[in-house]
Amino acid sequence: MIDFELTDEQRLVRDAAREFADGVIAPRARENDRNSTFDHGLVVELAGMGFIGPILPEAYGGRGIDYRTYGLIVEEIGRADSSARTVVSVNTSLVGSAIAKWGSEDQKERFIPGICSGEALGCFGLTEPDTGSDAANLSTRAERIDGGWRLTGQKQWISLGNVAAFALIFAQTDPGAGHRGLAAFLVPTDAPGFQSAEIHGKLGLHASDTAELFLDGVEVGDDALLGGVGDGFKVAMTALDSGRFSVSAGCVGICQGCVDASTAYATERRQFGRPIAGFQLVQAMIADMVVDTHAARGLVWKAAWLKDRGERGTLETSVAKLFSTEAAIRCANAAIQVHGGSGYVDDHPVERYLRDARVTTLYEGTSQIQKLIIGRLTTGIDAMT
Ligand code: COS
């Protein structure tokens, strides 16, 4: 049965992540956000703590920990800074878990150690300018050439695309075959014909890198193929089952951060001769945040429990993602309300929480896509196609 009690080891890892989040990540978050700085030094420190790729096998430099403990780490990092959390989520879940599941021995040896050490990060190249929710309908083409493949196309909204050493690129090998023609490729970002460009003007995640990728006849060998030809869509979906979990855990961190910041502010700030926490309407806002935080954490732990039993948990992951991402936005918005004018500037983390939370109901499947996945798995009827 699912147990809400953490083991001693889980508590130790959670406490280490909490200390690191408060002592190392949080103090830099405001300046990195203001300056739109991707903090390479922080990546090295995150890796040094074993926080990049912790669920990946120990044989390749990971820590082989369970999803529950992974969720605890991601929550703490997400509470401190969603941009730092992005490095962990993308590399551990979207890229690392896909290689661990679908990769050959040689691919695991080549790519996983660099992910875990932070020395050779990956990025996840699924989305395109004209392909978001309908992920099977890719325009990027993979043509067979002697001894390998030639990739041509464009990718959009790719986290870490300008800083990654390699990209997991999804491409169509047979345009008539729909999702059964897709293939996944591990492509070095310094390959001839591969280019990236930074996307500017984002609402949030200012300290995270976001890129457009251009593949102009990029040639890779057969050893770049992750899984078989035709497995690409399943590679993407299994990666997203882990990625959506990680985003959800990060959003629990945002919710908890909103509770913490709002409680600290409301007990300190005085109006009408008493702390504003003494007003019922302020307490109501904080109580709603607490309920959202507990509910989101419970859903994340349920999804983790299933994954730790070896189940996909697609429905429960979508439930956790839908609820926790929407909850993070609600909590951040309410936290600004509790802070009043002070919440509108970056002296407190709450305005950053709102800006950073906003993308989480868009990427890795919008809230609407999560509802359609939940609805299809519940009713047995596909309302998408
Ligand atoms: N794990 C493994 N395999 C899966 C899977 C999963 N979670 N989900 C689906 N599959 C398999 C199915 O079993 C099916 O296999 P067969 O070809 O053997 O029948 C195949 O993949 C196609 O599945 P499905 O019919 O569900 O495909 P759809 O085109 O209907 O998928 C959704 C629709 C919406 C689920 C999918 O396109 C999606 O998740 N879109 C959102 C994409 C997204 O999150 N983008 C953000 C990228 S990162 S910013």
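A brief look at the structure comes next. For every chain, the first residue of the written sequence is number 1, and numbering continues from 1 along that sequence. Local features in a predicted model are, by the rule used here, given only for residues with pLDDT of at least 70; side-chain atom pairs are given and counted only at 80 or more, and totals for whole chains, interfaces and linings are based on all residues. Think of the side-chain values as coming from all heavy atoms in the structure, minus any hydrogens and water.

Residue position: Thr86 is located in helix 4 (residues 82-102). Apart from residues no more than four positions distant in its own chain, Thr86 is found in contact with Ser159, Leu205 and Ser208. Numbering goes from the N terminus for both helices and strands, where a helix is a DSSP run of H or I of at least four residues and a strand is a run of E of at least two. Residue contacts follow a heavy-atom distance rule, with two residues in contact if any of their heavy atoms lie within 4.5 Å.

Near is defined per residue: the residue qualifies when any heavy atom it owns lies within 4 Å of the molecule or strand. Close to the ligand lie 23 residues; Ser133, His179, Asp241, Arg244 and Arg376 are nearest. Polar contact is the term for a pair of N or O atoms within 3.5 Å; when the atoms are in protein, one must be able to donate a hydrogen and the other to accept it, and sequence-neighboring residues count only if both atoms are side-chain atoms. Within the contact set of the ligand, a nitrogen atom lies 2.8 Å away from a backbone nitrogen or oxygen of Ser133. In this structure, a nitrogen atom belonging to the ligand sits 3.3 Å away from a side-chain N or O atom of Arg312. Taking 1000 Å² as the accessible area of the ligand by itself, protein coverage stands at 78%. Those elements that provide at least two residues to the shell around the ligand are helix 6 (232-268) and helix 10 (367-379). Per-element tally for the shell around the ligand: the top contributor is helix 6, with seven residues. The nonpolar class holds Ala, Val, Leu, Ile, Met, Phe, Trp, Tyr, Cys and Pro. Asp, Glu, Lys and Arg form the charged class, and all remaining residues, Gly among them, are polar. In the shell around the ligand, the residues fall into nine nonpolar, seven polar and seven charged. There are two domains that each give the shell around the ligand at least three residues, and those are domain 2 (123-230) and domain 3 (234-379). Per-residue accessibility takes into account occlusion by the displayed protein chains alone, with areas from the Shrake-Rupley method and a 1.4 Å probe. An automatic or database domain assignment is the source of the domain bounds shown.

Mapping Ala334 onto the fold places it in helix 8 (residues 314-339). Taking the C-alpha atoms as reference points, Ala334 and Val350, separated by 16 residues in sequence, lie 9.2 Å from one another. With residues near it in sequence (within four places) discarded, Ala334 still touches Met285 and Met289.

Quick look at the nonpolar core now. Nonpolar side chains tend to gather and get buried jointly when the protein is soluble and globular. What is meant by a nonpolar core is a set of buried Ala, Val, Leu, Ile, Met, Phe, Trp, Tyr and Cys residues, joined one to another through side-chain atoms within 4.5 Å. A 1.4 Å probe rolled over the protein chains alone gives each residue an accessible area, and that area as a share of the maximum for its type sets the label: buried under 20%, exposed over 50%, partly exposed in between. Counting residues in each nonpolar core, the largest one holds 83 residues, and the members touching the most others are Leu46, Ile99, Phe124, Leu151, Phe170 and Phe185. Looking at this core element by element, the count peaks at eight residues for helix 4. Those residues within four positions of Phe124 in sequence are excluded, and the remaining contacts are Leu94, Val95, Ile158, Leu168, Phe170, Ala236, Ala239 and Leu240. Residues Ile336, Val338, Val350 and Ala357 belong to the second largest nonpolar core, which totals 28 residues.

Honestly, that's just the spatial picture; any functional story needs more than this.
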